[in-house]
Structure formats: C-alpha cells, structure tokens
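Survey of secondary and tertiary structure
One-letter residues, chain by chain:
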Amino acid sequence: MATNTEQIPDSTRHPLRVTWDVWAAMYLREMIARTMADRMAWFWMVFEPIATIAVMIFFRAYIRGGRSITGAEFIPWMIVGLMGFYLFREAMTRPMGAVEANRGLFTYRQILPVDPVLIRCFVEGMIRSFIFLLFILIGSLLKINLIPDHAFGVMMDWTSLWMLGVGLGVLLSVASGLVPEVGRVVKIITMPLLLISGVIFPVTYVPAQYQQYLLWNPIVHGLESMRLSFFDNYHSIPGIDMTYLWFWALSTLTLGLVMHVRFASRLKAR
Amino acid sequence: MIEIQNLYKRYHGPYGGGWVLKDINLTIPDGVSVGVVGRNGAGKSTLLRLIGGMDAPDRGRVIRKGRVSWPIGLAGGFKGTMTGRQNVKFVARVHGIKKSLHQLIQEVQDFAEIGKAFDDPVNTYSSGMRARLAFGLSLAFDFDIYISDEATAVGDRAFKAKAREAFQQRVDHASLIMVSHGEGTLKQMCEAGIFIDQGQAHWFDHIGDAIEAYHQTTKVITDVADEDDEEDVPVEQLDTDSLKAKLRSLKREMNELHKQQIITNYRLETTTDEMEMASLQEEKQYLRRRYQQARKRFKVLKQHKQVSTLTTQTPRAE
C-alpha cells in the first residue's frame, strides 16, 4: 500500500480549526442525509409542510368557520403562524435524537456530542428558511399576499423563534441523552403547544383576563411579533415583548451548552 | 509518545460497577509497538478507548504526543444511507484533509477492493465488505500510533493476509497498540507488552514476558501460541445442542484451514525467495497437522451424535 498519503494536520491544527472541519463535514453529511435519505426525501421536505398547512387551513376555514382576523388576511396569517411554529418545533425536537443517531461517530475523538446537535439545529433552520422563502415566492405568484410589510422585522422575529428552538433543543438534547423519558414527554407536550401558542386560533379570541397567562409562553411573543411585522394593520394582544423570548432563548441555550460541557463524556459513553 | 498519569476509570449508570482501571501510570515510548493482554473484561478495550480519546477517564489523564488513530477497522461511524465514497469523504474532512482528498479516496478504494459497491449505500454491504472499507480507511491515514482491537480478525483469509502485510509495513514508521487474544499475532507485531490484571496495568519490555505473566495468573499452560486453542471436552459430557454447535464450528474451522492451505500452496508456487519458501513450508506442515486434528475430532463427534440421537429417539418412539 502506498504510504505517500498527506500528513494529517492533526497535531498542528488549532482546536477551532478542528471544530470548523468537523462542522463542515457534519453539515454536508446531515444535508445529504436529509435530502437523499430515500428517493423522494427532498420532495417530502417541501411537500410535507404544504400538505399540513393545507389541512390546517381546511379545518379552520370550513369546520370551525369564522375566518376574520383583524387587520390580516386569513391564509397568509395562518401560513406565517404555522411556518414560525414549525421552525421552532423542528429546531427543538430534531436535536434530541442527534446524539443517539450519531453515536458511532464518537469513535473519532474530534467529534463531540454537541457537534451533531448544533449542526442539526443549523440545518433545520436553513431548510425551514428555504421552505418559507419558497412559500412566499409561490404565494406571490398565486396572488396570495405573502410579501411582508416589514421584511427586516420578520427576519429578526424569524431568527428569534429559531434561537428559541435552538436553545431548548440544545438543552433537551442533553436532558434526553441523560434521561431518555424526557424525549417522550416533550413529544406529548408539543401537540397542545400548537393550540396555546395562537397558531390556529388568534390569541385575541382569548378573554382579556386570561391573556396574561398566555403571555407566559415565549412562542406567543415570537409568533405575534412576526405577524405584527408581516401585516401592518394587524392587532394583537398587549404585552408582546421580544426581550422575554430572548431571555428564554439565551438562558436555555447557555444552560444547554454548559450541560454539554459538563456531561460530554457521559453522553459519549452510553 | 503516550503518557498515562494516575488514570482511574469506572462505568456509571445502573449496571456500572467498581473501578475497571485503578491508578494506572504508563509511558509508551515512540516507535514501540505494544500488545495488551488480560482476561476477558479485565479492561483492555477500556484502556484502548481511553488512549484513543473515545472515552474520558474519571480521574487522571492521558497525554497524547503525536497523531493517534481511532481503533482500526471500526465500522461504527458509517452512515448506512450514504455510499462508501461519501463515508470516506466524511472521515477525511473531519481529519482536515482537503488537498489530497481524491488521492486518499483512491487509496481506500484500491485497498478495500470492493469494486463498484464503493458507490453503493453502506446498508447494502455485507459485514466483510464493511470491514474491508473500514480497514482500508484506517490505513489510508498516516498516523504515528495505530490502535487496534482485534483488528486483523476481519475479512476472509486472503484479505487478512493483505491487511497483516499492510500493517507490518506501517509498523516500520509508526507504532501500534493492540488488544488481541491471538498470541501468535501479538508476538509477530509487538515488542513490548502490557498485562492488565485486577485494574492494574503491568508493563513488560518484551511481549513474551507479558504473555507469560498472563499465563501465570490464569494457571493455563499453553506452549502452543495459538488464536483458537479450545480445550477438548470429553465427548460424553456434551449435550446435543452443544454437540451440534461444536460440529458446526469444527466444520467452519476445517473450511478455514482448507482455504489457508490453498493460499499457502499458491504462495509457495509463486514465491522465489528461499527464506520465505522455508517458512511457508513450515506453515504448510502446521496447517496440515491442524486440519487433520480437526477432522479427527469432527469424525469422533459425528459418530457420537449419531449414537446419541438414536438413544434419545428410541424412548419417544415407544
């Protein structure tokens, strides 16, 4: 066997360089896995949200009736809410399986349990953003008013929702790695989250004295803020505050990363 | 060079127990190949994982100077839905290889010899093909220290011979830390030895001494250094199931030996070197002897099986 292989720059590589190489390799791997897993994976990636949104709109429009939203058209309002919520949900739940799914990779000591988690969060955000842009494009072609009124504000809110999902995702990836039951509980909780986050029913429908409890949920802040940026004339409930969301996002992210440092070897070892 | 200082390791969780490794201090110098021996469960693989950085010690530390490989031939990191080529690319990228990526892929491809399957998903591979790919991948990188957990025990006989050869080439400018129960392999590949017993590691400058110490504690006297030296249990003590299993394993062993004989014969015909010729002759004799032994045992067991099935079936017929 030829021995003129390139010297592995391992001993001379800076730790940040190693991390970067790992991330670059894992990003490509994760992207291939997401888009090429089976022959139609890329198709379902785009079609699945379309189908779920269509079903949701059908339910809301023809079963429950009452499609009046103050200051916004019903279908764009719904699409914005669902896309935002799915971004959050996927960024939160996808990383939970990341450590377990990439267990085999820890034979390469360059790879730490936090790497697949962060990469999944990133890939998820990229894919969701791409799909959202696709929706806006197709919606505009279909004369559905999906052009945001304040594009920059929407981008900020979109990023905020993503960060909220990433923070919880990183935290839960450690928690479910240490206590596997956490994963199940979270999966049970995400369904009612759809209802109490004002995704399909406007939060303004909730009686005024209960609205303060609704505001405990950081997702409501994110979604309502994004709708406010999207539709100029939209009216939401008072008390929407992005600082509250960022408080959640950053504290969970910090706690999650600290736990990743603390429990790295235990996550690896299982 | 690898320095191990005050290393403690135990496994946590519901099934974790006491210390697997207790206060281990070792220095493995550059360019010295080391064989690790010890009972099953003594902590050989744990030590190897710690040296390779795949696991963290509870106390103490491992200082690695130089590039240390992952355990050779480990196929755990392959993603089933990706092709062999994609998996190889991934590992190369993780190790920071950019310029000579294509050259490296070519080398792995040449070594693994799995043909067009290189571009098929790893899911579709047989275990032997996986092992070939994994082994080729480990050898394509230029490490200073290779670590190996029963590495040469993969693939068919021809591939094993090739792997061993490639390995020995490597040992010239790199060293090896290996765990194996095959004493022949250990003696062939390693100079020094580590014997692990009751959580303690003992260093020996010669692998022979380490193996000797191992035998002293287990009170097993084996002068034939051999991979699979099973003790022959008297036929009468075997029940039907274990008899069947034994027959099957003997059959397999005979097949293997037969294959090896063919390879040796072929090498005898093609070789021109006299030294090699002599050693091959020796090997041939040895293989023949073992084959005959296995066949004799097989016949005895088969006879016994026929008798015992007859005796067990008659009462049921009544």
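Structure: above.
Our subject in this report is the structure included herewith. (Residues numbered from 1 in each chain as written. Chains lettered and ligands numbered in written order. Predicted model: local features only at pLDDT ≥ 70, side-chain atom pairs only at ≥ 80, totals over all residues. Heavy atoms only, no water.)

Helices and strands together make up the secondary structure of chain A, namely 11 helices and zero strands. Reading chain A from its N end, one meets helices and strands in the order α-α-α-α-α-α-α-α-α-α-α. Principal-axis analysis of the C-alpha atoms places the extent of chain A at approximately 70 × 40 × 30 Å. Of all 270 residues assigned to chain A, the portion counted as buried reaches 50%. By sequence separation, contacts in chain A at least 24 residues apart represent 77% of the contacts at least 6 residues apart. For chain A, the computed accessible surface area is about 13200 Å², with 70% contributed by carbon and sulfur atoms. Counting 22 positive and 17 negative side-chain charges, chain A places the centres of these two groups 7 Å from one another. (Helix = DSSP H or I, 4+ residues; strand = E, 2+ residues; numbered from the N terminus. Buried < 20%, exposed > 50% of the residue type's maximum accessible area, 1.4 Å probe, protein only. Contact = heavy atoms within 4.5 Å. Areas by Shrake-Rupley, 256 points an atom, 1.4 Å probe, with all protein chains shown as cover. Lys, Arg positive; Asp, Glu negative; His and termini not counted. Charge placed at Lys NZ, Arg CZ, Asp CG, Glu CD.)

On a plain count of helices and strands, chain B comes out with nine helices and eight strands. For chain B, long-range pairs separated by at least 24 residues make up 68% of all intrachain contacts whose partners lie at least 6 apart in sequence. As displayed, chain B has an accessible area near 16800 Å², and 49% of this comes from carbon and sulfur atoms.

Taken together, the side chains of Met40, Trp44, Phe47 and Ile50 of chain A define a hydrophobic patch exposed on the protein surface, amounting to about 360 Å² of accessible area. Residue position: phenylalanine 47 of chain A is located in helix α2 (residues 41–63). (Patch = residues over 30% accessible without salt bridge, like charges linked within 9 Å, V, L, I, M, F, W, Y side chains within 5 Å. Salt bridge = Lys/Arg side-chain N within 4 Å of Asp/Glu carboxyl O.)

With that out of the way, let us pick up the environment of arginine 130 of chain B. Residue and element names in this part refer to chain B. For arginine 130, the position within the fold is in helix α4 (residues 127–140). Note on arginine 130: relative accessible area 24%, which makes it partly exposed. Sequence separation between arginine 130 and glycine 76 is 54 residues; the distance between their C-alpha atoms is 9.6 Å. Sequence-distant contacts of arginine 130, defined by excluding residues within four places in its chain, comprise Ala75, Phe78, Val122 and Tyr125.

Listed per partner, the contact involves 41 residues of chain B and 33 residues of chain A. At the boundary of chain B with chain A, total buried surface from both sides reaches about 3500 Å², with 56% on carbon and sulfur atoms. Three residues, Arg67, Phe90 and Val94 of chain B, lead the burial of chain B against chain A; their summed loss comes to 18% of the area buried on that side. Counting across the chain B and chain A interface gives one salt bridge. The salt bridge involving aspartate 21 of chain A is made with lysine 98 of chain B; its shortest N-O contact spans 3.3 Å. Linking chain B with chain A are four residue pairs in polar contact (both at pLDDT 80 or more). Among the elements of the structure, α2 (84–94), α3 (101–112), α4 and α5 (157–173) of chain B are those that each provide at least two residues to the side of chain B that touches chain A. If one sorts the elements of the side of chain B that touches chain A by residue count, α2 of chain B sits on top with six residues. The residue inventory of the side of chain B that touches chain A, partitioned by class, reads 16 nonpolar, 15 polar and 10 charged. (Buried area = accessible area lost by both parts, 1.4 Å probe. Polar contact = N/O pair within 3.5 Å; in protein donor to acceptor, adjacent residues only side chain to side chain. Nonpolar A, V, L, I, M, F, W, Y, C, P; charged D, E, K, R; others polar.)

Turning our eyes to something else, we now look at the nonpolar core. Membership of the largest hydrophobic core comes to 115 residues, with the highest contact counts inside it found for Ile111 of chain A together with Leu137 and Phe141 of chain B. Top contributing element to this core by residue count: helix α3 (residues 74–93) of chain A, with 13 residues. (Core = buried A, V, L, I, M, F, W, Y, C linked by side-chain atoms within 4.5 Å.)

Here we take up the pattern of salt bridges. All names here are of chain A. Under the criterion given, the structure shown has 18 salt bridges over all chains. Arginine 128 is the partner of glutamate 124 in a salt bridge, and the nearest nitrogen-oxygen pair spans 3.8 Å. With glutamate 124 and arginine 128 both in helix α5 (residues 114–141), this residue pair falls four residues apart, about one helical turn. Residue arginine 128 is classed as buried on the basis of its relative accessible area, which comes to 9%.

A few words now on the side chain of asparagine 87 of chain B. Here asparagine 87 of chain B lies in helix α2. A relative accessible area of 1% places asparagine 87 of chain B in the buried class. A distance of 3.4 Å separates the side chain of asparagine 87 of chain B from the backbone oxygen of methionine 82 of chain B, its partner in a polar contact. Sequence-distant contacts of asparagine 87 of chain B, defined by excluding residues within four places in its chain, comprise Arg29 of chain A together with Gly77, Phe78, Lys79, Met82 and Val122 of chain B.

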